[in-house]
Amino acid sequence: MFLFKMIKLKELLTVFSKSMDYVDSALSNHHLRVACIADDIAAAYNLSRQERVNIFLASVLHDIGVFSLKEKRELTHYELSSNPHLHAENGYLLIRDFKMFADIAHIIRYHHVPWDNGMGQSFGGVEVPIGAHVIHLADRVEILINKEIEILGQKDAISKAICSKSDSLFMPAMVEAFLEVASRECFWFDVSAPEIDKTIELKGLMSDVELDISELAAISRLYSHIIDFRSRFTAMHSAGVSAVASLLAQLVGFSAVECQMMSIAGNLHDIGKLSVPTEILEKPAKLTVEEFNIMKRHVYQSYRVLGSIENMETINAWASFHHERIDGNGYPFHLLGKDIPIGARIMAVSDVFTAVTEDRPYRKGMSVEEALRLLQGMAAQNALDSEIVSIALSYIGELNDVRTALQSKVVNEYCNLNLNTL
Ligand SMILES: [Fe+2]
Ligand SMILES: [Fe+2]
Ligand SMILES: [Fe+2]
């Protein structure tokens, strides 16, 4: 019997926002740095504690609507040539229905609105929240920082670049607030510190919020989209695995809470794929040895990401051991069957079933009958747990129904996004 223990929101968002920036070392900790800069500016501008909390939350999530590495890289130019509102709108569309993020959806939606001599007080006829102006400025300050060289020597040039866009790009009063914080060396040391998570913890902006299982489930659903929407070929994968794994766990005899934990583990099992470039995810042919090595790393990365969150031990094991095999020939830990928890064995079956029935860049998805034969073969070879496979085979129609039902729901959400940004 596995019990669910409360998860700290602060820990979860810190770790997840770090993982969004894994894919490119130039972007590492972008979200956390922006959060740190934005909070200092918001404090200097005398915003209330509640506004600072919202700005902080919006900062750690602000670019969740950016899916491709190409677009991420374009955003690292101080003056943007492409339309930045598309990813901001995508971010808004992704989180607007999540109750706990209701206050920050609009901040994310407008985080690239230029001040434009005051015209930027509203956008498309809607008032732009003050937090959006704070994040817009903080985001551009972060982009101007060269992470390779000493920080204090950059202070004057960055301040000058920001001032030159006062009133055109940025709200003048916000630029004043920035100049006030920028005059203190500690601001620059905080922002460039490798242990930025610690600095953020000290700010105590999310210290006491804990998530129950349904709140964690909601955030895991959001993250499944961030993981999957990077490629149209995997756009529904984690959602499908989550649905299949949760039903299969129920058939195996898991309790209702354990099934919910399986659903969360399914949503997060490929979180390490955030560190795999889209070009590899979408390659329309077999991967080279080097590309496959990079791909193999994703489960190790999932294990590390989830492992740094307190009370996620069980969910982590169920999620991150999904490429282990009963005969010990899986990866990356080469665990033997007896050491692979039953939840992870359920996940492995669910992952294979979901993956082979989906279309991929180089092949069409298999029929349920073909998938059935493949699962049987993998159980016979001691790759998958034969008892779990035989339960899955007895209910293959039901498993396929929950997979397609959930995946068609997700397809609708995916189609609502600005896909030309992908
Ligand atoms: Fe952005
Ligand atoms: Fe950004
Ligand atoms: Fe995987």
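Just so you know, these numbers come straight off a predicted model, no measurement behind them.

(A) Highlighting the packing of helix 2 (residues 30-44) against helix 10 (residues 185-192). Contact geometry for helix 2 and helix 10: axes closest at 9 Å, N-to-C directions at 155 degrees. Relative to helix 10, the element helix 2 lies roughly antiparallel. Between helix 2 and helix 10 lies a crossing of right-handed hand. Touching Arg-33, Cys-36, Ile-37 and Asp-40 of helix 2 are Phe-187, Asp-190 and Val-191, all from helix 10. Each residue belonging to the contact of helix 2 with helix 10 can be placed in one class, and the counts come to four nonpolar, no polar and three charged.

(B) Quick peek at the confidence of the model for the protein chain. Taken over all residues, the pLDDT of the protein chain has a mean of 91, while the share at 70 or more is 98%. No element of the protein chain has a lower mean pLDDT than helix 4 (residues 69-74), which averages 78, and none a higher one than helix 9 (residues 172-182), which averages 98.

(C) Summary view of the nonpolar core. Counting 109 residues, the largest nonpolar core has Ala-38, Ile-41, Met-174, Phe-178, Leu-248, Ala-265 and Val-349 as the members making the most contacts within it. Among the elements that make up this core, the one with the highest residue count is helix 13 (residues 237-252) (nine residues). Residues in contact with Phe-178, not counting those within four places in the same chain, are Ile-41, Leu-137, Val-141 and Ile-162.

(D) Representation of helix 17 (residues 313-320) in the model. In terms of residue burial, helix 17 counts as a mostly covered element, since six of its eight residues are buried. Ile-315, Asn-316, Ala-317, Trp-318, Ala-319 and Ser-320 are the residues of helix 17 that are buried. On its buried face, helix 17 is in contact with helix 14 (256-268), helix 16 (289-307) and helix 18 (342-357).

(E) Looking closely at the domain arrangement of the protein chain. Domain boundaries in the protein chain define domain 1 (7-203) and domain 2 (219-421). Here the C-alpha centroids of domain 1 and domain 2 sit 33 Å apart. Each partner contributes residues to the interface: domain 1 has 23 residues there, and domain 2 has 22 residues. Counting only elements with at least two residues in the side of domain 1 that touches domain 2, the list comes to strand 1 (7-8), helix 1 (9-20), helix 4 and helix 5 (85-95). Sort the elements by how many residues they give to the side of domain 1 that touches domain 2 and helix 5 lands first, with seven residues. When its residues are assigned to classes, the side of domain 1 that touches domain 2 shows 15 nonpolar, four polar and four charged.

(F) Broad picture of unusual backbone geometry. A cis amide bond links Tyr-331 to the next residue, Pro-332, at an omega of 0 degrees. Its location among the elements puts Pro-332 in the loop between helix 17 and helix 18. One non-glycine residue, Asn-46, adopts positive backbone phi at about 65 degrees. Tracing the chain through its elements places Asn-46 in the loop between helix 2 and helix 3 (49-61). Despite not being glycine, Asp-167 has its phi angle at roughly 80 degrees, a positive value. Along the chain, the position of Asp-167 falls in the loop between helix 8 (155-163) and helix 9.

Rules of the game
- Residues numbered from 1 in each chain as written.
- Chains lettered and ligands numbered in written order.
- Predicted model: local features only at pLDDT ≥ 70, side-chain atom pairs only at ≥ 80, totals over all residues.
- Axes fitted to C-alpha atoms, helices over the stretch in contact; angles between N-to-C directions.
- Helix = DSSP H or I, 4+ residues; strand = E, 2+ residues; numbered from the N terminus.
- Parallel < 35°, antiparallel > 145°, perpendicular 65-115°, else oblique.
- Left-handed = near helix turned anticlockwise from the far one by under 90°.
- Contact = placed C-beta atoms within 7 Å.
- Nonpolar A, V, L, I, M, F, W, Y, C, P; charged D, E, K, R; others polar.
- pLDDT = per-residue confidence, 0-100.
- Core = buried A, V, L, I, M, F, W, Y, C linked by C-beta atoms within 7 Å.
- Buried ≥ 20, exposed ≤ 12 C-beta atoms within 10 Å, placed from the backbone.
- Domains from an automatic or database assignment.

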